Every structure is written in structure tokens, then in C-alpha cells.
Amino acid sequence: MVREIHQNSQEPHHKRRILWVLSTTAGCLLAALPVFSNPDDPAQMPNMFKPQSTPAHEIFHLSLFVLAICAVIFVIVFSLLTYSVIKFRRRANDDGREPPPIYGSNQIELAWTVIPVLIVLVLFLATARVIHGIQQAKKPAEATEVIAIGHQFWWEFRYPALGVVTANELHVPVSNTSHPTPTFITLLSADTDHSFWVPRLAGKTDLIPNRENHMWIDPDQPGIFIGQCAQYCGTQHAKMLLRVYVDSQDDFKKWVLEQSKPAQLSESAKEGRRIFETTACINCHAVSGTVADGRFGPDLTHLMSRDTIASGAATNTPENLRLWIHDPETIKPGSLMPAMNLKQQDLDAVTAYLETLR
Amino acid sequence: MASEKIVLTGVHDETQPIGTVLHGWVTTVDHKKLGILYILYALIFLVIGGIEATIMRIQLITPHNHFVSPHVFNRMFTMHGTTMIFFVAMPILFGFGNYLIPLMIGARDMAFPRLNAWSFWLTAFGGLLLYFSFIGGNGLYGAGTAPDVGWFAYAPLTATAFSIGHSTDFWTLGLLVSGFGSIGTAINILATIVCLRCPGMTLGKMPLLVWLNLVMAAMVLLAISPLTAAQMMLSLDRFLGAHFFDTLAGGSAVMWMHFFWIFGHPEVYVLVIPAFAFASEIIPVFSRKPIFGYPVMVAATICIGFVGFSVWAHHMFTVGMNSYANSFFTITTMAIGVPTGIKIFNWIGTMWGGKIIFKTPMLFCIAFLFQFLIAGLTGIMLSAAPFDWQLGNSYFVVAHFHYVIVGGILFTLFGAFYYWFPKMSGRMYNETLGKLHFWLFLIGFHLTFDFMHIPGLLGMPRRIYTYEPGRGRYLENLICTIGVFFQIAGTSVFVGNLLWSYRKGKAAGNDPWDAWTLEWSTSSPPVEYNFARIPVVKSRRPLWDIKHPEDPDWKYE
Amino acid sequence: MSTILSTPASMEQPWVLPSRGRVGMFFLIAAELAIFTIFVVAYLFYIGKSLTGPLPKDVLELPIFASICLLSSSLTIHAAVGALRKVKVGAFSMWWFATMVLGLIFLGETAREWYHLIFDKGLTISTNLFGTTYYSLVGLHAFHVTVGLICIAIAMVLAILGKVKQEHGERAEVFSLYWHFVDGVWIVVFTVVYVIGR
């Protein structure tokens, strides 16, 4: 039997391997820094490791526990692997004899079965506790109730008890531990599957047609929390963005008051309103207090109270609004908003009208 | 000394015209030729799937990029996933199984050679049907669209209301057709292993590759069938107005998910178990020791086979199942980590005390061990349902499963290529180029898939054609894309090596690795009838017994 | 380098493994069972969930006669295979023919039932969830019966042409496993659709 003897290729191999392992680990750690530091604006980082609401807190603590156990397992097995690959390599001065064949060992097999089973049990118990804690939380009387309806490619939010209908930007009151005012969200869908994901506030829950799902959040700090749809729902899934505005109790009350009023119609925008109400716009859009009551697209009654349009795809400026009506494909190609093909002056008038809907 | 051979005059005439040669390949029922056809077919689709991935990664290299439109991107991820699973991974693993199983059990061919050929051509046709969608997807009008519903095609996105034209139908029918091919191959593998083993080869003496393919084939039978059923239902919905997944008529979108994942999860074990098989053959030979704990390895695999059918809804943790269901699937998923971990320990036990030879097949298998460890651990993270509520459907999941499929399965596949290439072609590959391929691909793999975990942790969902700037994902996405080019380089070296070595490589001889299973007793490549005389075996390493008659395995097993 | 394998030493016991035809059919049946299971699960899940009528209890009648025919065909095919093993080719042809007739009666009854449901009761596959699951499950089974009958017909023709011999007994038995499977599935479908679902 001819057998090749490796000359000097053994030593450089494993040394290079160690170097590679170390440098990759270092690289990974460096790249992981953004997770734990925030060079960007913190509000713009949907970072699950900076929770700001109880479900997200619970998940964060569980995740640390799971990561710790996985890290320990990794270190042990990684070391065993590295050790065996280095220690039991065939040396250059090998005598060509086969090493003693070991077929197995019942005790060792038992050991490395029992220990993982125990680890699994511990992990499972910790996990089950969090599952039940989040999914079986009771809704207190002071909870704010929201119905979120997923559409291709925008979010409809209704507050049935407060008489508010809005879109894409969800306002909720801040909650504190002594007097909790969580927000309980019922999740429905008007078309395909979607998923509500704002990592700093909670894990994601899907919106599925013909099915009612539930989730809750109780953010403990005011601020803006961003997220986006997390279940592929069609062409513009990527731009079905989500913003949750956590307001102080007073700000929230003010917001509700404003939102529940009908549209404040202005004389200056009469022409735009006329065009709006006699074109296909009202097939999809609603402006409360007018004849427009379409429900396929977002409610526009208080369009100007929102920071973004097209479910976060563009900031809410007159130029963007005009462009959106004229040619939505430039902002969000594949969205279900049609290009309205209005004449220039009609377009200006409609935009001006919409600009008055505060 | 030549191996025993019955000389058949006129059979191996070297100067046949190309037409006859091609005809021979198209009409073959020989398991070795069909195995090679499967492998070549899969390699072509590997390149195509890789191009689709490259297009996606270029689009994602910076936020708000305009390399491709969202429509094209959505088709890319759908086709990439579908291609890689159904037209790369499954055919290539069936190909190796087809080639090796009869040789390893001392048989002359598979149990049903014509079924074998039928299964291959059906699978091949399914792939062509799927890819025809690029030109025929919208019916007679439209420039043609490939399906863009994601490789798991959730309802009701696949309903006629949301998926106009026929792009989804190409997905459904292409997979339905190739699914029948897969069932045919699975039946063949099972019947071959149960009925055609050579004398003396009891179930406890089969090579581990054969055992693992047995479990894999049984899983295919029970896993592909739910997908077939679900696709029939989807087709009934789309063509005959049925309401299986029609939510407006009271149908359930979640039911599609259940049926799909009852297929989808065992499917990933179908893919990974043959990868384990390759590792279980290569690691012992290059450590110069028998596999540590053969019975436990078999038991662990059977365990994985059974438990693998009880974990499917961990893909559905975010769907709104109640806490008891979520807890059940959490524990079953964690539990399946136990037999999988046992296998890793047994491979370490095989290397322990051995004399490891760092040839290319072994390099790939060693990398597999490290990478599969990490993949398994990220899987454990995902198995904790609340953690999955954050990580699910994000790039963390994408990183996890690519770690398994590329870091685990593809690496052992490369190892298998290098290990059995001498047997299949009769020539040795170039070892330096093999090592170059390894290092390039290793770097590329880690650049892409290590860093891909981070955007997932930072809230980046999957299947998005672009992402918002300022959310902390820019650098990692850039690095992921750079890694792709290293992988392309490595794969090119691989293909070049195979092509060059096939023509100019050194003659390999029967047994270049000094291995111990029956395929190494045949010539390289084996003659059409495999064995002049059906061998009789007494242990798990029949060639060890012959080479070491003073110390045969059957005394100790 | 090469290795010469040892010439076969004499084995203590004869090396006998199961026949591949039977094993192959067994695994095919396993796969088919899995497909049927999914359709049965869908049927059971959707019981009572149709948003509109007609409902099962309004339109379904127990297909007793058809079921007796189909289940008896299992007995006749068993007799046919037994006859062929004993080289009674004439008896084989007779029992085989009986199987075919019974199977055809079953299909005919199914066709009659469907005609009645579609044209008299207005139930189609797209009417409601009941229609969808009913036609797909019963239809899938009927499709398997049809495929079986085609195979039986081909064998019938060969038998009439005198080409069926005793050595084909193994193949006939393997096919009869398939036929028994089809009958077994009917028992499940009958229970689910006509007993539980109503």
C-alpha cells in the first residue's frame, strides 16, 4: 500500500488555522459592537438588546441566559475539537502503523447524553416560564385597546373605545410599573400574512387573515420606536415600515382628542377637495366628515399629523406627497397606490388640500 | 495486481461516436451513471442558484440600492431557495447515494434500475419546468415571471387574487413533479438497502453512510408526501376554485403553514443526514480509526428521524399558537439537539487518539464540525420560542440555516467530492488546488454568514429588497456581500480542479485513501457490474479485515 | 493498488432477504398513506367550518352498496392470487375479472353520486369548504381506484391472451397489496366523510 507522507505541511496548517480562528473571532466581536453601543441615533436602531417594554425585557433576559449556556457549550466543544485536531494530527515522523482502534465506550456515551438532556430541561423550564408570562398576561382595565389591521403594504390602526382611525404610526401612552397602562393590540389582516415587529417593545406576532392574534406592550419611556413588517407579504414588504410613538399620558390624551375630531376643512383648499372627492381617490381613502369613506387605503383625515407617508417609505413633505400621488412607483414600486394621472394644476390643488388635513 | 474482472469484449470500446455515448447516458439505468447525472445536474443548478444569491447580495450591499427592482429581487430569493433545496441539495445527495449505496453493500445495482432512471428524469424535468417560468410565467402575455412567493409559498399570497398569472403554478407543478421523482428514489434506496445487501452484511454491519441514507429515505417518503398533498390542494384552489387556503371562504392560511412545515422540517434532516453520512465515512479514514460508537450513531440518527417529525411548528412560533403549543415545540426542538450533539461528540471521539491526515476531504469535514457546532447552537437559540419571537423571520434565521446548509452540508459535500472523485473518475484531483478551494471558500463562508447574524439581531427582517439607512446594518451587509466573491472564487477553483483532473489527473488506483468499505475494492471507476463476485463480509470494515488478517475487526465488534 | 476480495466462505445459514417487490410496494403504500393523511386532516379540520351550505347532512347518503362491492373486491383479488399460486390460471382469471367488475361498480356508483351532488344539490369543489374537502378526498381515492383498475385491466387482457403463468404470482401478489391498501383507505374515508363528518 503506497502511502504519502506529509513533509512539512502539518505544522503550518494548524498554526494558520489557529490564527484564522482567532482573527475571525476578533472580527466577529468587533462587528458585534454596534449591537451593544449606539453610534447612530438610538431611536433608529431596532435593537432587541435595548428593551423598553416588559415583553421585550423578558425576552432580553431569557436571551442572555440562552446565550450564556450556548457560549459555555461552544467553548467546551470548540476546545475539544481544536485540541483533538492539533494533538492527534499525524506527525511528519510517523511510523505508518495504524493507531489502536477504539470502537466506543458506553460510559462516555451515557455521560454525553445525560448532560445535554439536563441542559435541555433547564433551558426549557426557563423558556416555558417566559412563554406563559407573555402569552397569558391579563389585560387590566386601564389598558389601551388597539386593533391593527395589516394591508399590502401599510398598517391600519383603530382605537375602538376612543373612536380613532389612523395609519402607519401607532401612538400609545407610556406605562409605568406602579400604575400600568399597557396597550393590548388585536392583530388582523385584510389580505395576506404580515407580522408586527418593533424589537425594542416586543417580539413579533403575525397578522393572518381569518385569524385573530393578540399581543401587548407597556413601554416605560416616551420616544419613537421603529420596526417593520416581518412576514413576506408581496412586492413592497420591505417598505411596510412601522413607527410606534410612545407619548406621555398628557400627550397621548391630546393626540386622541385631535385624532377623533373630523377633518378641519379649509376654504383655501376647496378646489383640491372637489377634485379629491370627484376622482377615484375616495374609492380607497377616507376623510371623516366628508363623502370620502374608502377603506382600502389609509385614512387621511389627519394625514398631516404623521411624520411619514407610504408607511414610512418617505417623509411627509409637500414634495413627497405630490410625488406620491403623481407617481408612487418612484417611491415604492409595486405598492397598490395607483398613479393618479392628474393634470399638474389638479395635482397641486389636491396636494394643497391634503396639506390642510391636520 | 488487477482486481478480479470478467472481461466482456466490445463493451468498453473507447472509440464510440459521441451520439452513441450520449444515447448511452440518456437511456442508462446504471446506478453509477444516474448518480453522476444527478450530481452534474445539481452542479449546474448550484451555479444558477449562486448567481441568484449574488444578485441579491449586490442589491443589499448598501441601503436603498437600485441594482434590481423589488419584483426581480423577490423572484431571486424565491428561486434561489427553491433551486438550492430541490434542484441542488436533494439531487446531489440522491446522486451520491445512488452511486455509493450499491457499491457499499456489495450489490450490482439498485433494486429498481428503471425506477431509478424514471425518478432522475422526473426530477430533472421538474427543474426545467420551474425555470421555464422565467419565460412562460405570465401566460401568453407579459415577459414571463418566475415565482416570487418565497420558497415556502405561504397562503394566501399564493392565491390567484394575490399571485396573478402562472408564476406560482410553475412553482407548484415543478416541485410536484420532482417530488414524485424523490419518492421514487426513496423507495429505491429503501428497497435496495433492505433487499440487496451482500451475504454477511446484517443491518449492524452496514457502513454508516448506508444506515443514514436508509433513515433519510424513510424520512423522504413521509415528508415529501405532505408537500405533495399541500401542492395538490393549492393547485385545486388556483385552478378549480377550491377553498383549502382561501381565507375569505373560511379557509385557513395557517393550515398551509402546518402542511408545509410538516414537510419542511423533516426535509432539512433529509438534507443534513447524508451530510452526516459523508462525515462518518471520511473522518474515520483520515483519522485512521473506526467510527467511535457505531451503534450510538445509528440510534441517534433514528432518533433524529423520529423526533424530526415532531418539531415542525418551531417555524411558526410567531403565528399566534397558544402557550402550550409553543412550549411543546420548544421542548421537542431542544430535544433534537441531544442526538445531534451526540453525533458531534462521536466524531470527536473518532479523531481522538487517531492520526489525522489533513487532506482536502478531511479539511472540509473538520470545518464542518466547527461550523455545525455553531449552527446547532444558533438553532438552540431559535428553539426558545420567545427568543424566536425576536429572531424569527430575520437575518438571524437566514444566517442560521445557511450555516447548516452551506457550512454543514455543502462543506461535507465538497469533502465527499474530493474523497470519491478518484473512485468515480479513476484519477486523483490536484491536492494544492483542493486546499486553495478550501481556504477561499472558508474565508468567504465566514465573511458572509458570520456577519449575517448581526443584522438579524438588529431588527432586519428577511426577504426585503432593501433596508433603511441608519438602522445599524450597513457594514455587516457590505461584508456579507464581499464574502460572496471569495465563495465564487473558491467554487471556480473547485470546478476547474475537477475538470482538469478528470483529463490530466494521476491515475488513482482502486484504493487511494487506504479505506475500508467495499467500494474501494472495485476498480476506479468501477466496471458496470460492480463486483465480479458478490462479496461476503464479516465486519463493518471488510477491507480492514483483508488488509489486517492478523487483527480483523470482526473479533472485536 | 487493489484489494482482492476473499472468495465466498460458506455461510452458516442461507442469506435470505425480503423480496424487493413486496418491500418496494410497502414503502410506496407508506408514502401514499402520508398523502391521504394530509387530506383527511384537512377534511377533519374543516368539518363545520363552511360559511355557506349545502352541508354534509343535507346531501350525503351512505354509499353502502359501493362500499360492499369495493371491500369484497379485496376478497376476490386475494382468491385470484391464491389461485395463481396453485397454477389454476382459469380460476385466477375468473376471480381477477370479478375484482375488476366490483371495482368498476364502485367507480360507477361514485360517478352517480357525484352527478347527483353536482346537478341536483349544487355542490361543487368550489361551493364551500365541505365541497372542497369532499371532492378532493373522495376524488383522490377514486383516482387511486382508477389507476388500480387500469393495471387490473392490463393484467386481464394478458390473462385472456394466455400469457399469465404461475411465475407471475409474485407480481400479482405485490399488486394485490396496492389494491388492499386502496380498500383500506376507503374504510378510513368512509368513516371520516360519511360517519364523522355528517
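Refer to the structure above for everything that follows.
What counts, and where the lines are drawn
- Residues numbered from 1 in each chain as written.
- Chains lettered and ligands numbered in written order.
- Predicted model: local features only at pLDDT ≥ 70, side-chain atom pairs only at ≥ 80, totals over all residues.
- Helix = DSSP H or I, 4+ residues; strand = E, 2+ residues; numbered from the N terminus.
- Rg over C-alpha atoms; globule rule 2.2 N^0.38 Å.
- Buried ≥ 20, exposed ≤ 12 C-beta atoms within 10 Å, placed from the backbone.
- Contact = placed C-beta atoms within 7 Å.
- Nonpolar A, V, L, I, M, F, W, Y, C, P; charged D, E, K, R; others polar.
- Pairing = 2+ DSSP bridges.
- Axes fitted to C-alpha atoms, helices over the stretch in contact; angles between N-to-C directions.
- Parallel < 35°, antiparallel > 145°, perpendicular 65-115°, else oblique.
- Left-handed = near helix turned anticlockwise from the far one by under 90°.

(A) Seen up close, the overall build of chain C. Helix and strand content of chain C: six helices and zero strands. Tracing chain C from N to C terminus, the helices and strands come up as α-α-α-α-α-α. Compactness check: chain C gives a C-alpha radius of gyration of 22 Å against a globular reference of 16 Å for 198 residues, more than 25% above the reference. A principal-axis box enclosing the C-alpha atoms of chain C has dimensions of 75 × 50 × 25 Å. A total of 198 residues make up chain C; the buried ones form 37% of that total. Pairs at least 24 apart in sequence give 85% of the contacts found in chain C among residues at least 6 apart.

(B) Here's a closer look at the interface of chain A and chain B. The interface of chain A with chain B comprises 85 residues on the first partner and 83 residues on the second. Elements represented by at least two residues in the side of chain A that touches chain B include exactly helix H1 (10-36), helix H2 (54-87), helix H3 (106-135), strand S6 (194-197), strand S7 (205-207) and strand S9 (223-229) of chain A. Of the residues that constitute the side of chain A that touches chain B, the class distribution is 44 nonpolar, 27 polar and 14 charged.

(C) Here's a closer look at the interface of chain B and chain C. Listed by partner, the interface residues are 43 residues for chain B and 36 residues for chain C. Those elements giving two or more residues to the side of chain B that touches chain C turn out to be helix H5 (167-195), helix H6 (208-240), helix H7 (253-287) and helix H16 (542-547) of chain B. In the side of chain B that touches chain C, the residues fall into 28 nonpolar, 10 polar and five charged.

(D) Representation of the sheet that holds strand S10 (residues 241-247) of chain A. All names here are of chain A. The strand order across the open sheet built from five strands is S4-S10-S9-S6-S7, with neighbouring strands paired in mixed fashion. Of all strands in the sheet, those bounded by a partner on one side alone are strand S4 (169-173) and S7. Within this sheet the neighbouring strands show an average axis-to-axis angle of 25°, counted without direction. Together, S4 and S10 form the strand contacts of helix H4 (residues 249-260), whose direction differs from that of S4 by roughly 130°.

(E) Structural view of the environment of Phe263(B). All names here are of chain B. Residue position: Phe-263 is located in helix H7. Look at Phe-263 and you get buried, because 25 C-beta atoms sit within 10 Å. Measuring from C-alpha to C-alpha, the distance between Phe-263 and Ile-224 comes to 5.8 Å, with 39 residues separating the pair along the chain. Apart from residues lying up to four places away in sequence, Phe-263 is in contact with Ala-223, Ile-224, Pro-226 and Leu-227.

(F) Molecular detail of unusual backbone geometry. Following Gln152(A), the chain continues to Phe153(A) via a peptide bond in cis, the omega torsion being 5°. Summarising the element assignment, Phe153(A) is placed in the loop between strand S1 (144-151) and strand S2 (154-159). Phi is positive for Asn341(A), close to 55°, though the residue is something other than glycine. For Arg288(B), which is not glycine, the phi torsion reads 60° and is therefore positive. By the element assignment, Arg288(B) lies in the loop between H7 and helix H8 (294-307).

(G) Main features of the environment of Leu498(B). Tracing the backbone through its elements, the reader meets Leu498(B) in helix H15 (residues 474-504). Sequence-distant contacts of Leu498(B), that is, excluding residues within four places in its chain, are made with Phe421(B) and Tyr429(B).

(H) Structural detail: the packing of helix H2 (residues 31-59) of chain B against H15(B). Residues and elements named next belong to chain B. Remark: H2 packs on H15, axes separated minimally by 9 Å, with the N-to-C direction vectors making an angle of 155°. The pairing of H2 with H15 is recorded here as roughly antiparallel in orientation. As for how H2 packs across H15, the hand of that crossing is left-handed. Where H2 approaches H15, its residues Gly-50, Ala-53, Thr-54, Arg-57 and Ile-58 are matched on the opposing element by Cys-480, Thr-481, Val-484, Ile-488 and Thr-491.

(I) Representation of the pairing of S10(A) within the structure. Residue and element names in this part refer to chain A. Burial analysis of S10 places five of its seven residues in the buried class, the great majority of the element. Strand direction decides the pairing type here: S9 and S10, joined by six bridges, are antiparallel. Counterpart to Gly-223 in the pairing with S10 is Val-246.

(J) Seen up close, the sheet that holds strand S5 (residues 183-189) of chain A. Residues and elements named next belong to chain A. The sheet built from five strands is open, its strands ordered S3-S2-S1-S5-S8 with mixed pairing. The sheet is open, and its two borders are formed by strand S3 (164-167) and strand S8 (213-217), each paired with just one other strand. Here the average twist between neighbouring strands, direction ignored, is 25°. Here S1 pairs with S5 via seven bridges, running parallel. For Gly-150, the partnering residue across the bridge sits in S5 and is Ser-189.

(K) Summary view of the packing of helix H12 (residues 395-425) of chain B against helix H13 (residues 431-451) of chain B. All names here are of chain B. One can describe the packing of H12 onto H13 by two numbers: an axis separation of 11 Å at closest approach and a directional angle of 175°. In terms of their interaxial angle, H12 and H13 are classed as roughly antiparallel. Residue-level inspection shows Ala-399, His-402, Tyr-403, Val-406, Gly-407 and Tyr-418 of H12 in contact with H13, the latter providing Gly-434, Phe-445 and Phe-449. Within the contact of H12 with H13, the residues separate by chemical class into six nonpolar, three polar and no charged.

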